[in-house]
Amino acid sequence: MIDMNPTPAPTEPEVDDIIINCTPEESQQRLEKCQSCVNFYTDEDTHTKCRGCDCNISMLISFKFKECPLNKW
Ligand code: SF4
């Protein structure tokens, strides 16, 4: 049998949240850059999105591991 995830499960979720989530300041900085970007748009369901990666802006600005396809942040 193949072990698909050898990494142990996190034991302290509050610590993992700090590592994964952007700070409010980081999120705000990303949002401001996205809002002034040519790739920023609002879809028919009123979700704000990025044309460069088709991601929801809310996800892009929330998680540290997300990357801007234009390297603006
Ligand atoms: S993630 Fe980058 S490319 Fe996409 S809208 Fe934001 S600044 Fe623009």
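Preceding block: the structure.
What this report covers is the structure whose coordinates are included nearby.

Cut-off values and rules
Residues numbered from 1 in each chain as written. Predicted model: local features only at pLDDT ≥ 70, side-chain atom pairs only at ≥ 80, totals over all residues. Helix = DSSP H or I, 4+ residues; strand = E, 2+ residues; numbered from the N terminus. Buried ≥ 20, exposed ≤ 12 C-beta atoms within 10 Å, placed from the backbone. Contact = placed C-beta atoms within 7 Å. Near = placed C-beta within 6 Å. Nonpolar A, V, L, I, M, F, W, Y, C, P; charged D, E, K, R; others polar.

A few words on the overall build of the chain. Helices and strands together make up the secondary structure of the chain, namely three helices and two strands. The linear arrangement of helices and strands in the chain, starting from the amino end, is α-α-β-β-α. Across the 73 residues that make up the chain, the buried fraction comes to 7%. For the chain, long-range pairs separated by at least 24 residues make up 46% of all intrachain contacts whose partners lie at least 6 apart in sequence.

The environment of the ligand is formed by Lys 33, Cys 34, Cys 37, Asn 39, Phe 40, Cys 50, Gly 52, Leu 60, Cys 68, Pro 69, Leu 70 and Lys 72. Residue classes in the shell around the ligand are distributed as eight nonpolar, two polar and two charged.

In this model, Thr 46 sits at a positive phi of 65 degrees, which is unusual for a non-glycine residue. Positive phi, normally seen in glycine, also occurs at Asp 54, with a value near 60 degrees. When you line up the elements, Asp 54 lands in the loop between β2 (48-50) and α3 (57-60).

In this structure Asp 54 comes out as exposed when scored by C-beta crowding, with 10 C-beta atoms within 10 Å. For the pair Asp 54 and Phe 40, spaced 14 residues apart in sequence, the C-alpha to C-alpha distance is 9.7 Å.

Right, let's talk about the environment of Lys 64 for a bit. For Lys 64, the location among the structural elements is in the segment after α3. Between the C-alpha atoms of Lys 64 and Asn 21, which are 43 residues apart in sequence, the distance is 5.7 Å. Other than its neighbours up to four places away in sequence, Lys 64 contacts Ile 20, Asn 21 and Cys 22.

Structurally, Ile 61 is set in the segment after α3. Exposure remark for Ile 61: the 22 C-beta atoms within 10 Å place this residue in the buried category. Along the backbone, Ile 61 and Arg 30 are 31 residues apart, and their C-alpha atoms lie at a distance of 5.7 Å. Every residue in contact with Ile 61, bar those within four places of it in the chain, is listed here: Cys 22, Ser 27, Arg 30, Leu 31 and Cys 34.

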